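Structure at a glance
Residue strings, one per chain:
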Amino acid sequence: MSITAPQGFRAAGVTAGLKASGKPDVALVVNDGPSKAAAAVFTSNRVAAAPVHWSREVVKDGRVDAVILNSGGANACTGPQGFQNTHTTAEKTAEVLGVSATDVVVCSTGLIGEQLPMEKILAGIGSATAALAADGGPAAATAIMTTDSVSKQAVFTGTAADGTQFTIGGMAKGAGMLAPGLATMLVVLTTDADVPPDVLDAELRNATRLTFDRADSDGCMSTNDTVVLLASGASGAAPSAADFGTGLTQVCAELARKLIGDAEGASHDIAIRTFNATSERDAEVVSRAVARSNLFKTAIFGKDPNWGRVLSAVGTTDAAFEPDQLNVSMNGVQICRNGSIGDDRNLVDLEPREVLVEIDLQAGTAEATILTNDLTHDYVHENSAYSS
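To start, this report covers the structure provided alongside it. None of these values were measured; they are calculated from a predicted model.

A few points about the overall build of the protein
- For the protein, the count of helices and strands is 10 helices and 15 strands.
- Viewed in the frame of its principal axes, the protein has a C-alpha envelope of about 65 × 55 × 35 Å.
- Partitioning the contacts of the protein with sequence separation of at least 6, the portion at a separation of at least 24 is 80%.
- About 14700 Å² of surface is accessible on the protein, with carbon and sulfur atoms providing 50% of the total.
- Charge centroids of the protein, computed over 27 positive and 45 negative side chains, lie 3 Å from each other.

Details of the sheet that holds strand β9 (residues 226-231)
- The strand order across the open sheet built from five strands is β3-β9-β8-β7-β6, with neighbouring strands paired in mixed fashion. Each edge of the sheet is formed by a strand with only one pairing partner; in this case those strands are β3 (37-42) and β6 (152-159). Within this sheet the neighbouring strands show an average axis-to-axis angle of 10°, counted without direction.
- Pairing between β3 and β9: six bridges, direction antiparallel. Across the sheet, residue A40 finds its bridge partner in β9, namely V228.
- The sheet contacts of helix α6 (residues 241-261) involve β6, β7 (165-173), β8 (186-191) and β9, and relative to β6 the element is tilted by about 160°.

Concerning the environment of G332
- Mapping G332 onto the fold places it in the loop between β11 (327-330) and β12 (333-337).
- Separated by 26 residues in the primary sequence, G332 and E358 place their C-alpha atoms 8.3 Å from one another.

Looking at the pattern of salt bridges
- If you walk through the whole model with that rule in mind, you get 22 salt bridges.
- For the salt bridge of D201 with R205, the shortest nitrogen-to-oxygen distance reads 3.1 Å. Remark: R205 and D201 occur in helix α5 (residues 197-210); sequence separation between them is four residues, near one turn of the helix.
- Here R337 and D343 are joined by a salt bridge, their closest N and O atoms 3.4 Å apart.
- A relative accessible area of 33% places R337 in the partly exposed class.
- Several salt bridges share partner residues, and in doing so they unite R209, R214, D216, E280, E284, R288 and R292 into one network.

Focus: the pairing of strand β10 (residues 269-277)
- Counting buried positions along β10 yields seven of nine residues, so the element is predominantly enclosed.
- Across seven bridges, β10 lies against strand β14 (residues 354-360) in parallel orientation. Bridge assignment links F275 to a residue of β14, and that residue is D360.
- Bridge count between β10 and strand β15 (residues 366-373): seven bridges; the pairing is antiparallel. Bridging from a neighbouring strand, T274 pairs with A368 of β15.

Comments concerning the side chain of K173
- One can find K173 in strand β7.
- Buried within the structure, K173 lacks any salt-bridge partner; D148 is the closest side chain of opposite charge, at an N-O distance of 4.5 Å.
- There is a polar contact of 3.0 Å between the side chain of K173 and the side chain of T146.

So, the sheet that holds strand β4 (residues 66-70)
- As summarised here, the arrangement of the four strands in space is β1-β2-β4-β5, forming an open sheet in which the pairing is mixed. Sheet topology places β1 (9-14) and β5 (104-108) at the edges, where each strand pairs with a single neighbour. For this sheet the average axis-to-axis angle between neighbouring strands, irrespective of direction, equals 10°.
- Bridge analysis of β4 against β5 gives five bridges, and the strand direction is parallel.

Conventions and cut-offs
- Residues numbered from 1 in each chain as written.
- Predicted model: local features only at pLDDT ≥ 70, side-chain atom pairs only at ≥ 80, totals over all residues.
- Heavy atoms only, no water.
- Helix = DSSP H or I, 4+ residues; strand = E, 2+ residues; numbered from the N terminus.
- Contact = heavy atoms within 4.5 Å.
- Areas by Shrake-Rupley, 256 points an atom, 1.4 Å probe, with all protein chains shown as cover.
- Lys, Arg positive; Asp, Glu negative; His and termini not counted.
- Charge placed at Lys NZ, Arg CZ, Asp CG, Glu CD.
- Pairing = 2+ DSSP bridges.
- Axes fitted to C-alpha atoms, helices over the stretch in contact; angles between N-to-C directions.
- Salt bridge = Lys/Arg side-chain N within 4 Å of Asp/Glu carboxyl O.
- Buried < 20%, exposed > 50% of the residue type's maximum accessible area, 1.4 Å probe, protein only.
- Polar contact = N/O pair within 3.5 Å; in protein donor to acceptor, adjacent residues only side chain to side chain.

Scope: geometric values only; no functional claims are made or implied.
Here you go:
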């Protein structure tokens, strides 16, 4: 039940008529408490959407009662009217739920540069409120989809030191424009653990750093990225920050893998692991450089284990390494050894969807993995026709 697996939450997903397809397009998530603790992280894109500006202010006090989401338009680059529409959305949601508008996070996704049809949005809020249910998580996960081919959900159950159990649930949308900060995604995470806002914030930022910030499909950063975490405290469990963070990171990692696995037009899911680096930062920089190489990504699409394209990308970074000590493996075959020819590249099997590229810098002990996908004809076609 994803976001409604934890106790203390209701959710809904309805069709408000925002999409020409007639598919669900408005979702609502409500925290019934007793705690209303929350934290969130947002896109670092300087051209941020109106809902991002609004929601940044909402979460500053560490309380969120509800999250209202629509997938019929981004409400980005829409000027003062766009911000007013966000405010109106929060006020309407607050009115029907009997809460404060300043405790309502608003999320939007879709086409940039068009005003939302507010009559449909407001009607959709009413419909979503009427449909709220303790098992409404899957419907909400479906309603936030845009170019996604499947909904993305994850659940974790853990045990606090005193033996009480707690649950973390999550839903995400995103299938392209996936790159830090965050990705073109909306994510709602819920937990029935009793965790204060400052701990939620710290653990969410750490989990995001290790997961969503390392999902890099196409190097393009969205204007609307939002990851919001709500805690109801309804289970009575009070796990340590470390135990809670472990579970949260697991849920975020599963959702990040599903985002990459549904990347627009992709035929390969690629994990690029750089290890034996002098720092985690160096490892991440190297893996990301390879992930953003169109030459590398098209080679994987063509099932060509062209390790030269990996090394050429590694060489553009400022990471510490010696070129004649680089090792590269693809799906377990070491095709580059000490910066030169390794095992026969024809031994590499790139038929499976999953591809693991491992880069050994031989410079230290740190490592980091970036998730990406190949660059295909279908990706170009889908994004060339997005507005039409």
